[in-house]
Amino acid sequence: MKPGLITRYCPVNVLAGNAKPLIRKHYAPVVARTPFHSDGDVFDVTNPATGAVLCSVTTPSASGVNQVITDAHTIFKSGEWSRSPAHHRSSILSRLARALEARVPEFAEIETLQTGRAIREMKAQLGRLPEWLEYYASLLRTRADYVAPTQGPLLNYVQRVPLGVVAQITPFNHPLLIAIKKIAPALAAGNSVIVKPSELAPISVLEFGEMALDAGVPRGVLSVLPGFGATTGKELISHPLIKKVDITAGTATGRAIGSIVGSNLAHYTAELGGKAPIVVFDDADLAMAVNGAAFAAFVASGQTCVSGTRIIVQARIYNAFMSAFLAKVEGILQRMGDPLNPQSSMGSIIGSRQLQRIHAIVQGRASGCILAGGEPLSGVSKLDGYNFSKGSFYPPTVIADVDSSDQIWEEEIFGPIVVVKSFESEEEGITLANNCKYGLGAGIWTKDLSRGHRVASRIEAGLVWINTHHRNDPSSPWGGMKESGIGRENGLEAFEAYSESKSIIVNIASPEDARQRDDWFAEEAAGKRYG
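Just so it is clear, the structure is predicted and the values come from calculations on it, not from any experiment.

### Points about the overall build of the protein chain
- Along its length, the protein chain carries 17 helices and 21 strands.
- Computed over its C-alpha atoms, the radius of gyration of the protein chain comes to 26 Å, within 12% of the 24 Å expected for a compact globule of 531 residues.
- For the protein chain, the proportion of its 531 residues judged to be buried stands at 54%.
- Pairs at least 24 residues apart make up 73% of the contacts formed inside the protein chain by residues separated by at least 6 positions.
- Per element, the accessible surface of the protein chain, about 22300 Å² overall, is 53% carbon and sulfur.
- For the protein chain, the centre of its 51 positive side-chain charges and the centre of its 51 negative side-chain charges are spaced 3 Å apart.

### Observations concerning the packing of helix α3 (residues 104–115) against helix α4 (residues 119–126)
- Packing of α3 against α4 brings their axes to within 9 Å, and their N-to-C directions diverge by 135°. It follows that α3 is oblique to α4 by the angle criterion. Taken as a pair, α3 and α4 cross one another with a handedness that is right-handed. Where α3 approaches α4, its residues Val104, Phe107, Ala108, Glu109, Glu111 and Thr112 are matched on the opposing element by Ile119, Met122, Lys123 and Leu126.
- Its residues assigned to classes, the contact of α3 with α4 shows six nonpolar, one polar and three charged.

### Section: the pairing of strand β15 (residues 417–423)
- Of all the seven residues making up β15, five are buried; the element is thus mostly covered by neighbouring parts of the structure.
- Across five bridges, the pairing between strand β12 (residues 308–314) and β15 is parallel. Within β15, the position partnered with Ile311 by the bridge is Val420.
- Summarising the sheet, strand β14 (residues 397–400) and β15 pair through four bridges and their orientation is parallel.

### Comments concerning the packing of helix α2 (residues 86–102) against helix α5 (residues 130–142)
- At a minimum axis distance of 8 Å, the contact between α2 and α5 shows a crossing angle of 165°. The orientation of α2 relative to α5 falls into the category roughly antiparallel. Note on packing geometry: the crossing formed by α2 with α5 is left-handed. Between α2, through Ala86, His87, Arg89, Ser90, Ser91, Leu93, Ser94, Leu96, Ala97, Arg98, Leu100 and Glu101, and α5, the contact on the second element is made entirely by Pro130, Leu133, Glu134, Tyr136, Ala137, Ser138, Leu140 and Arg141.

### Examining the nonpolar core
- Judged by nonpolar contacts, the single largest core of 61 residues is most densely connected at Ile23, Leu100, Leu133 and Phe208.
- Counting residues per element, this core draws most heavily on helix α6 (residues 175–188), at nine residues.
- Counting 35 residues, the second-largest nonpolar core is a separate cluster that includes Ile399, Ile417, Leu432 and Val455.

### A word on unusual backbone geometry
- The backbone of Ser301 shows a phi angle near 55°, a positive value even though the residue is not glycine.
- Within the fold, Ser301 resides in the loop between α10 (286–298) and β12.
- Overall, the relative accessible area of 1% leaves Ser301 in the buried class.
- Positioned with a positive phi, Asp401 is a non-glycine residue whose angle comes to about 60°.
- Summarising the element assignment, Asp401 is placed in the loop between β14 and α13 (407–410).
- A residue is classified by how much of its surface remains accessible, and Asp401, at 58% relative accessible area, is exposed.

### As for the state of the cysteines
- Taken as a whole and judged by the stated rule, the model has zero disulfides.
- Free cysteine Cys305: the closest other cysteine sulfur is in Cys436, separated by 12 Å.

### Considering the sheet that holds strand β8 (residues 222–224)
- With mixed pairing, six strands are arranged side by side in an open sheet as β8-β7-β6-β9-β10-β20. Edge positions in the sheet fall to β8 and β20 (485–486), since each has one partner strand and no second.
- Of the strand pairs in this sheet, strand β10 (residues 267–271) and β20 are connected by two bridges, and their pairing is antiparallel. Across the sheet, the residue bridging to Glu271 is Gly485, located in β20.
- Each of β6 (165–169), β7 (192–196), β8 and β9 (242–248) is contacted by helix α1 (residues 62–78), which is oriented at about 155° to β7, the strand it contacts most.
- Along the sheet, helix α8 (residues 229–238) contacts β6, β7 and β9; its crossing angle with β7, the most-contacted strand, is approximately 160°.

### What to know about the environment of Glu489
- Mapped onto the elements, Glu489 comes out in the loop between β20 and α16 (491–497).
- Glu489 sits in the buried class, given a relative accessible area of 3%.
- On a C-alpha basis, the gap between Glu489 and Ser475 in space is 9.3 Å, while along the polypeptide they are 14 residues apart.
- Not counting residues up to four positions away in its chain, the partners in contact with Glu489 are Lys181, Lys182, Asp246, Thr248, Ser476, Pro477, Trp478 and Ala494.

### Here's the deal with the pattern of salt bridges
- Summed over all chains, the structure comprises 22 salt bridges.
- Note that Arg24 and Glu210 form a salt bridge whose closest N and O atoms lie 2.9 Å from each other. On the criterion of sequence distance, the pair formed by Arg24 in the segment before β1 (26–27) and Glu210 in helix α7 (residues 203–215) is long-range, its members being 186 residues apart.
- Taking relative accessible area as the criterion, Arg24 reaches 29% and is therefore assigned partly exposed.
- The exposure class of Glu210 is partly exposed, given its relative accessible area of 26%.
- With a closest N to O distance of 3.8 Å, Lys196 and Glu199 form a salt bridge.

Rules of the game
- Residues numbered from 1 in each chain as written.
- Predicted model: local features only at pLDDT ≥ 70, side-chain atom pairs only at ≥ 80, totals over all residues.
- Heavy atoms only, no water.
- Helix = DSSP H or I, 4+ residues; strand = E, 2+ residues; numbered from the N terminus.
- Rg over C-alpha atoms; globule rule 2.2 N^0.38 Å.
- Buried < 20%, exposed > 50% of the residue type's maximum accessible area, 1.4 Å probe, protein only.
- Contact = heavy atoms within 4.5 Å.
- Areas by Shrake-Rupley, 256 points an atom, 1.4 Å probe, with all protein chains shown as cover.
- Lys, Arg positive; Asp, Glu negative; His and termini not counted.
- Charge placed at Lys NZ, Arg CZ, Asp CG, Glu CD.
- Axes fitted to C-alpha atoms, helices over the stretch in contact; angles between N-to-C directions.
- Parallel < 35°, antiparallel > 145°, perpendicular 65-115°, else oblique.
- Left-handed = near helix turned anticlockwise from the far one by under 90°.
- Nonpolar A, V, L, I, M, F, W, Y, C, P; charged D, E, K, R; others polar.
- Pairing = 2+ DSSP bridges.
- Core = buried A, V, L, I, M, F, W, Y, C linked by side-chain atoms within 4.5 Å.
- Disulfide = S-S within 2.5 Å.
- Salt bridge = Lys/Arg side-chain N within 4 Å of Asp/Glu carboxyl O.

Here it is, written out as structure tokens:
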């Protein structure tokens, strides 16, 4: 290792000098009242790549959560944001986008420190986040309410109105991305928004909440409540003033939250678990398919709901694919190192608890042969001498010949683990792809676009990529089928899911006709009544 290599990508907050700390020592909820007094718990946020404590965070008490919801409801009813002109909300969202754009390098570093993900991933991902704010800012300026073609002398115009106070529960794997995907349409629609980020990675969302205030979002319109699901989260989603809950979580959590939300007759969007199949046909561009499958499987250390965890390869090219894929996996392993190193290929798992869970599933499988990986990383990196034993690192792991009834085929692992299976016919490939209770993402690799479209139409997933994977855009609906969730993020669908239609019907008949038509009990009343 060259002298000084580590300090080239040392985070700002540990460098000497008078620079503003990248991560403060302590964070409190971002709410309407300043200062926020809370008798809730305090927890530490830890860097999973080093085990070092990054900061402490104060959670709100039960009464604190209730007060935040009440304040959010009060400001919603005031109309300061909810009834403000669309162009006003649009301008503030655009201003927030520019502020975020200026801080992308800083936020990328924060995300790497709190999640252990490689800095090269976070820079690429966060660089696009301002687009979500700009998309909904633009939507506010271009969308229009409409007039329904109602019969009779009536004018029927339909508006979209905000729901009220909405709650969002976001995960650790893409802390800021998933939060902004939810926050942007909710704010655009005029709601008061309360976000509970994951206790494992809340820092970037708390920082964003404060930045939104500086950009002009009225205090109390966007609140960030850090805390635990069983306490802060449950108190939040159970409150009768919450009109919508939007979560990204595991399927079991989604079911539990859904039962609470349903009892309050609130709206519900849930992006839940996944076990994405990658179907590689024998006419696929082999190099592209290998690179695409590796990206699908191992980006974010496999900790994403659309990870390509089931690779299904047509028999004629199976051996050639596996040879190239295993070589790719070895290359990824050789370039694993300090997540803050821009050359590092893959980061850590979110923590030791998840590391142990992943390894237990790999070791407890009922079938399959481990071709690569399979043990937690220890020792030092060949890339930069980083000591893997300090953190929670698991190598890219490939398991072949897994039975489709095995847990490791059926259940979401949330780690860099892929199972590989061969197939003969197109029909068999589709059957294997759909042989799963989840239906969030899927990938197809083929040069035959007729086949690509044909197979995509039969894959049971809300997102199907052909000759690519994990592409995302503010305008593109995102969500799952089967046990992968309810509703959609992104696009016009998300905006409408954060609002509801209001139909206003005006009698435009002349006074003489109106008097005659609307006297229902007149002796001469006859003909149709439209309503």
